[in-house]
Amino acid sequence: MIINSLIKQGSKILKKQNIDSHQIDAELLLSKAIRKDRVFLLTNDEYKVSQKETSDYLNFILRRKHHEPLSYIIKRKEFWSLGFNVNHNVLIPRPETETIVEQVVRRFKGKGSLNILDIGTGSGCILLSILKELTNSYGTGIDKSFKALNMAKKNSRKLNLLQRAKFIHCDVDNFNLGNYDVIVSNPPYICSRRIGYLDEDIKGFEPRMALDGGSSGLETITKVIIKAKKLLKTRGHLFMEIGNGQFRMVSSVLIKNGLRLVKKFFDYNKTIRCIMSTKII
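This is a predicted model, so every value here is computed, not measured.

Colleague: What am I meant to see in unusual backbone geometry here?
Modeller: Leave glycine aside and you will find that most residues have negative phi; peptide bonds, for their part, are mostly trans. One non-glycine residue, Asn-160, lies in positive phi territory at about 60°. The residue Asn-160 is located in the loop between α8 (146-158) and β5 (165-169) in this model. Look at Asn-160 and you get exposed, because its relative accessible area is 67%. At Arg-235, a residue that is not glycine, the phi angle is positive and equals roughly 70°. Position of Arg-235 among the secondary structure elements: in strand β7 (residues 232-241). The exposure class assigned to Arg-235 is exposed, which follows from its relative accessible area of 63%.

See the structure below:
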């Protein structure tokens, strides 16, 4: 079959499953199957696709039809204009999480070397994106998932950051190494009872441990704040992503643990998505 026909066929299948991005998903999945970029597809619509490539493509379409996220199928997600490898062991990087990177870079670029800790690093997207920008800084990423850390290390190698980033298998409760200028974290913050209401793409495929914030949604957030108080240098900064409607509760936890809220940042939907606090004592 030719490119044009396959894209139409795949797009039609996905559209029937109410997948809004059916057209671009079909294009990107065919791009993966034939190992050509999307520009090639759009400029060579009469190109004949081999039987093996067609079979691979239709298998990808079947997976997407069942709402497996596109990023897991193509094993890649762009974040901060960088390409990150992803799989089912890590949360898919989201555009709103770039808010953390943006604010750290804006505040510290050109201001010397930093020692940075990323709690719950997953794919490593936050820490590695920051280190790409802050070229004199060093970072440590921790995660309780050994498989997630393997992906972070792979991304570190891909981005030529092996000399400035290290990754440690440890949960937040048991990590006690170092003294940091900046701590960043995108902890799980969704209430356990709300997991079942998430889109099928999320609840059916992404790692629950990266989503479930306990009965209040604040379980891991609180642990991150307590750990930040211990590991931050005086006047060091914590940048953390939070969920919708959690700002007041998180602010209270910060105050109780000797951190001062400095600023809140909004995402593209004008929701408070990231907060910056500082250790005052």
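Colleague: Please clarify how the nonpolar core should be interpreted in this entry.
Modeller: Ile-183, Leu-238 and Val-250 are the most contacted members of the largest nonpolar core, which has 31 residues in total. Put simply, the parts of the chain that give this core at least two residues each are β3 (115-119), β6 (180-185), α10 (219-231), β7, α11 (247-256) and β9 (272-279). Tallying contributions element by element places α10 first for this core, with five residues. Residues Phe-84, Leu-161, Val-184 and Cys-274 belong to the second largest nonpolar core, which totals 29 residues.

Colleague: I tried to follow the sheet that holds β7 on my own but got confused; where do I start?
Modeller: Each strand in a sheet pairs with its neighbour through backbone hydrogen bonds, running either in the same direction (parallel) or in the opposite one (antiparallel). The strand order β5-β4-β3-β6-β7-β9-β8 describes an open sheet built from seven strands, whose pairing is mixed. The two strands at the open ends of the sheet, each matched to only one other strand, are β5 and β8 (259-266). In this sheet, neighbouring strand axes are inclined to one another by 20° on average, regardless of whether the strands run parallel or antiparallel. When strand β4 (residues 138-143) meets β5, the two strands line up parallel, connected through five bridges. When the bridges of β5 are listed, Ile-142 appears paired with Ile-168.

Colleague: Would you explain the packing of α10 against α11 in this entry?
Modeller: The geometry of a pair of packed helices is captured by two quantities: the angle between their axes and the separation between those axes. At a minimum axis distance of 10 Å, the contact between α10 and α11 shows a crossing angle of 30°. By the angle class used here, α10 and α11 are roughly parallel. Relative to α11, the crossing made by α10 is right-handed. Judged by residue contacts, Ile-221, Thr-222 and Ile-225 of α10 engage Val-250, Val-253 and Leu-254 from α11. Among the residues making up the contact of α10 with α11, the classes are represented as five nonpolar, one polar and no charged.

Colleague: Is there a simple way to explain the packing of aromatic side chains in this structure?
Modeller: What describes a pair of aromatic rings is the distance from one ring centre to the other and the angle between the planes of the rings. Per the stated rule, a full pass over the model turns up three aromatic pairs. Taking 5.1 Å as the distance between ring centres and 85° as the angle between the ring planes, the aromatic pair formed by Phe-40 and Tyr-47 counts as edge-to-face. Measuring from centroid to centroid gives 6.1 Å for Phe-79 and Phe-84, while their planes differ by 75°, and the two rings are edge-to-face. A cation sits over an aromatic face here: Lys-36 above Phe-40, 5.0 Å from the ring centre.

Colleague: Any chance you could explain the environment of Met-249 here in plain terms?
Modeller: Looking at the secondary structure, you find Met-249 in helix α11. Spatially, the C-alpha atoms of Met-249 and Leu-218 are 8.4 Å apart, while their sequence positions differ by 31 residues.

Colleague: I'm lost on the pattern of salt bridges in this one. Help?
Modeller: A side chain with one charge may pair with a side chain of the opposite charge, provided their charged atoms come close. Throughout the structure, instances matching the rule amount to 12 salt bridges. Two residues, Glu-102 and Arg-106, come together in a salt bridge whose shortest N-O distance is 2.8 Å. Taken together, the residues span about one helical turn, with Glu-102 and Arg-106 both in helix α6 (residues 98-108) at a distance of four residues. Judged by its relative accessible area of 30%, Glu-102 is partly exposed.

Colleague: Where do I start with the environment of Cys-125 in this structure?
Modeller: With respect to the helices and strands, Cys-125 occurs in helix α7 (residues 125-133). Here the alpha-carbon distance between Cys-125 and Glu-98, two residues 27 residues apart in the chain, equals 9.1 Å. Among residues more than four places away in sequence, those in contact with Cys-125 are Phe-79, Phe-84 and Pro-93.

Colleague: Explain the pairing of β6 to me, please; I cannot follow it from the model alone.
Modeller: Along any regular strand the residues' side chains alternate between the sheet's two faces. Here β6 lies mainly inside the structure; six of its six residues are buried. Bridge count between β3 and β6: four bridges; the pairing is parallel. Counted as the bridge partner of Leu-117 is Ile-183 from β6.

Colleague: Just to check I follow, could you spell out a positive patch on the surface for this structure?
Modeller: A contiguous patch of positive charge on the surface is contributed by Lys-75, Arg-76, Lys-153, Lys-154, Arg-157 and Lys-158. Per-element accounting of the positive patch gives the leading share, four residues, to α8. Among the structural elements, Lys-75 can be located in the loop between α5 (70-74) and β1 (76-79). Overall, Lys-75 belongs to the exposed group, its relative accessible area being 52%.

Conventions adopted
Residues numbered from 1 in each chain as written. Predicted model: local features only at pLDDT ≥ 70, side-chain atom pairs only at ≥ 80, totals over all residues. Heavy atoms only, no water. Helix = DSSP H or I, 4+ residues; strand = E, 2+ residues; numbered from the N terminus. Buried < 20%, exposed > 50% of the residue type's maximum accessible area, 1.4 Å probe, protein only. Core = buried A, V, L, I, M, F, W, Y, C linked by side-chain atoms within 4.5 Å. Pairing = 2+ DSSP bridges. Axes fitted to C-alpha atoms, helices over the stretch in contact; angles between N-to-C directions. Parallel < 35°, antiparallel > 145°, perpendicular 65-115°, else oblique. Left-handed = near helix turned anticlockwise from the far one by under 90°. Contact = heavy atoms within 4.5 Å. Nonpolar A, V, L, I, M, F, W, Y, C, P; charged D, E, K, R; others polar. Phe/Tyr/Trp six-rings, centres within 6.5 Å; stacked < 30°, edge-to-face > 60°. Lys NZ or Arg CZ within 6 Å of the ring centre and 35° of its normal. Salt bridge = Lys/Arg side-chain N within 4 Å of Asp/Glu carboxyl O. Patch = residues over 30% accessible without salt bridge, like charges linked within 9 Å, V, L, I, M, F, W, Y side chains within 5 Å. Areas by Shrake-Rupley, 256 points an atom, 1.4 Å probe, with all protein chains shown as cover. Lys, Arg positive; Asp, Glu negative; His and termini not counted. Charge placed at Lys NZ, Arg CZ, Asp CG, Glu CD.

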